[in-house]
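Letter by letter, the chains look like this.
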Amino acid sequence: MTETLATTDVYSQVQHFYAHQMQALDGLRFEDYAATFTEDGTFQHSPGAEPARTRPGIVKELVEFHKRFDGDPVQRRHWFTHIALTPRADGSLASTVYALVVTVRPGGKPEIAPSCVVHDVLEVSDGQVLTRSRLVTHDQMF
Amino acid sequence: MTETLATTDVYSQVQHFYAHQMQALDGLRFEDYAATFTEDGTFQHSPGAEPARTRPGIVKELVEFHKRFDGDPVQRRHWFTHIALTPRADGSLASTVYALVVTVRPGGKPEIAPSCVVHDVLEVSDGQVLTRSRLVTHDQMF
Amino acid sequence: MTETLATTDVYSQVQHFYAHQMQALDGLRFEDYAATFTEDGTFQHSPGAEPARTRPGIVKELVEFHKRFDGDPVQRRHWFTHIALTPRADGSLASTVYALVVTVRPGGKPEIAPSCVVHDVLEVSDGQVLTRSRLVTHDQMF
């Protein structure tokens, strides 16, 4: 019973963590997004890319990536579903999540692409969740 | 521990509340939808609109809004993701949620638009959730 | 309080159950998918279809269904939102869920169709969730 409770407790925490994390990213609050990673966290937004490392490194990578949207009044939204957690031997959690990127421009309709899978390793302690590593794979590239 | 438990408990309650609330709306059960608001609840489906007030006022607004679908065999589905809750000083919760409207007609493919953000104030007590106010912003209008 | 706790606990369990179940389906792990049904479980993927019965019957149905994708490098993702649970007299749960099928091919953009509603009866005991029956209705066919 204690075991079950702990598990479902953690599941809600992870869902809520992702909600705040991804609203930070889509709101261009890159410092807040980077703070959801561990100090030595890594963020790899596609399999071919070099992973960004550490919180300052993640902020730098996001600033660089978003230069493509300079002068482009775009609103992006990262949708998540089906967060599947699997315990790892070291006490962390493997988290595999479906993601769709929704892109909207003023007066336009949302473009919904690409379809991705987020592969995270999460650290959970005392009700706090942090991302230790993130690799994003893209369905159209398989 | 009690604090964490309460929080994750509330998070699940809010998710489940939204599931029933939005299935009521999409099922055109407007009385059921209005009953998910507080007695003095307000519902503003876009920033420029005058908010509907009280449960009877919300029902009236929904009946009025749906007249555009008279004779149109449409099925709408409101999708939600990333429910982010923030406690407010008065004990209520600010809830910020991504929403996509899926629209289907017989024989057709779903149109997925617009992309919105739902800004709610929620009251939670004894496991019951009610919406005190709702403002919906639209991404294509920013 | 115990009642509320049990309910929210079950809600998280059901969400997590669906995450693993649908990732098994989309990963073409049909044995794993069938194992998420009760021994005598039924799976009806559209109202006109004959339901598949028992785990071996469900595997057989999925193998048959997926022959249409032979030689087609397709990745499908079943998205879920708004899981609404209602207790049934026998202790099982009626679960009504919105579903969208996302289909991606290499180099392409995701096609997002059809929009469906999943009607499940779930059995939950000791933290384990199983699907007793599943009927999927399609919005474009109403």
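Residues numbered from 1 in each chain as written. Chains lettered and ligands numbered in written order. Predicted model: local features only at pLDDT ≥ 70, side-chain atom pairs only at ≥ 80, totals over all residues. Heavy atoms only, no water.

(A) Highlighting the overall build of chain A. In terms of regular secondary structure, chain A is built from three helices and six strands. Mapped from its N terminus to its C terminus, chain A presents α and β elements in the order α-α-β-β-α-β-β-β-β. Relative to its length of 142 residues, chain A is compact, with a C-alpha radius of gyration of 16 Å against a globular reference of 14 Å. By principal-axis analysis of the C-alpha atoms, chain A measures approximately 50 × 30 × 30 Å. (Helix = DSSP H or I, 4+ residues; strand = E, 2+ residues; numbered from the N terminus. Rg over C-alpha atoms; globule rule 2.2 N^0.38 Å.)

(B) Summary view of the relation of the copies chain C and chain B. When chain C is fitted to chain B, the best match, at an RMSD of 0.0 Å, comes from turning it 120° and sliding it 0.0 Å along the axis. The superposition operator between the copies reduces to a three-fold rotation axis. Proximity to the rotation axis, assessed at the C-alpha, singles out Ser12 of chain C in chain C; its C-alpha lies 3.8 Å from the axis. (Least-squares fit on C-alpha atoms with pLDDT ≥ 70 in both.)

(C) Up close: the sheet that holds strand E2 (residues 52-53) of chain A. All names here are of chain A. Overall, mixed pairing links the six strands, which are arranged E2-E1-E6-E5-E4-E3 in an open sheet. Two strands lie at the open edges of the sheet, namely E2 and strand E3 (75-87), each paired on one side alone. The pairing of strand E1 (residues 37-44) with E2 spans two bridges and is antiparallel. Considered in E2, the bridge of Phe43 is made with Ala52. Packed onto the sheet, helix H3 (residues 55-66) meets E1, E2, E3 and strand E6 (128-138) and runs at close to 35° relative to E1. (Pairing = 2+ DSSP bridges. Contact = heavy atoms within 4.5 Å. Axes fitted to C-alpha atoms, helices over the stretch in contact; angles between N-to-C directions.)

(D) Spatial organisation of the interface of chain A and chain C. Taken together, the contact between chain A and chain C spans 27 residues of the former and 29 residues of the latter. For the pairing of chain A and chain C, the buried interface totals around 2300 Å² over both sides, and the portion due to carbon and sulfur atoms is 63%. Contact with chain C buries area across many residues of chain A, yet His82, Tyr98 and Phe142 of chain A alone supply 29% of it, more than any other trio. Linking chain A with chain C are two salt bridges. The interface formed by chain A and chain C holds 12 residue pairs in polar contact (both at pLDDT 80 or more) in total. If you list the elements that add at least two residues to the side of chain A that touches chain C, you get helix H1 (2-26), E3, strand E4 (93-104) and strand E5 (111-125) of chain A. When residues in the side of chain A that touches chain C are grouped by element, the largest group, eight residues, is from E3 of chain A. For the side of chain A that touches chain C, a count of residues per class yields 15 nonpolar, 10 polar and two charged. (Buried area = accessible area lost by both parts, 1.4 Å probe. Salt bridge = Lys/Arg side-chain N within 4 Å of Asp/Glu carboxyl O. Polar contact = N/O pair within 3.5 Å; in protein donor to acceptor, adjacent residues only side chain to side chain. Nonpolar A, V, L, I, M, F, W, Y, C, P; charged D, E, K, R; others polar.)

(E) Summary view of the packing of aromatic side chains. With the rule as written, the count across this model stands at 18 aromatic pairs over all chains. Chaining the aromatic ring pairs together yields one cluster made of Phe17, Tyr18 and Phe80 of chain A. The positively charged end of Arg68 of chain A is found above the aromatic ring belonging to Phe65 of chain A, 3.8 Å away from the centroid. Sitting over the ring of Tyr98 of chain C, Arg77 of chain B keeps its end group 4.8 Å from the ring centre. (Phe/Tyr/Trp six-rings, centres within 6.5 Å; stacked < 30°, edge-to-face > 60°. Lys NZ or Arg CZ within 6 Å of the ring centre and 35° of its normal.)

(F) Highlighting the interface of chain C and chain B. Listed by partner, the interface residues are 27 residues for chain C and 29 residues for chain B. Across the chain C to chain B interface the summed buried area is about 2300 Å²; carbon plus sulfur atoms make up 63%. The largest contributions to the chain C side of the interface with chain B come from His82, Tyr98 and Phe142 of chain C, which together make up 29% of the buried area. One can count two salt bridges joining chain C with chain B. Ionic pairing is found between Asp139 of chain C and Arg77 of chain B, a salt bridge with its closest N-O pair at 2.6 Å. Our enumeration of links across chain C and chain B arrives at 12 residue pairs in polar contact (both at pLDDT 80 or more).

(G) Molecular detail of H3 of chain A. Residue and element names in this part refer to chain A. Look at H3: 17 Å from first C-alpha to last across 12 residues, which is about the 16 Å you get at 1.5 Å a residue. Listing the buried residues of H3 in full gives Ile58, Val59, Leu62, Phe65 and His66. Within H3, the buried residues cover an arc of 130° as seen down the axis, which keeps them to one side. Opposite the buried face of H3, by more than 90 degrees, sit the exposed residues Pro56 and Lys60. (Expected span 1.5 Å × (residues − 1). Buried < 20%, exposed > 50% of the residue type's maximum accessible area, 1.4 Å probe, protein only. Arc of directions from axis to C-beta.)

(H) Summary view of the pairing of strand E4 (residues 93-104) of chain B. Residue and element names in this part refer to chain B. E4 sits mainly inside the fold: 10 of its 12 residues count as buried. In this sheet, E4 lies alongside strand E3 (residues 75-87) in antiparallel orientation, the contact comprising 11 bridges. What sits directly across from Gln75, in E4, is Val104. Remark: five residues form the turn of the hairpin made by E3 and E4, two consecutive strands paired antiparallel; Gly91 in that turn has positive phi of roughly 95°. Joining the antiparallel neighbours E4 and strand E5 (residues 111-125) is a turn of six residues, in which Gly107 adopts a positive phi near 80°.

(I) Local environment of the sheet that holds strand E6 (residues 128-138) of chain B. Residue and element names in this part refer to chain B. Spatially, E2-E1-E6-E5-E4-E3 is the arrangement adopted by the six strands of the open sheet, whose pairing is mixed. The open sheet is flanked by strand E2 (52-53) and E3, the only strands paired with a single partner. Relative to E5, E4 runs antiparallel, the two being bridged by 10 bridges. Across the sheet, the residue bridging to Leu93 is Leu122, located in E5. Lying over the sheet, helix H3 (residues 55-66) contacts strand E1 (37-44), E2, E3 and E6, oriented at roughly 35° with respect to E1.

Such coordinate-based values are descriptive only and should not be taken to indicate function.
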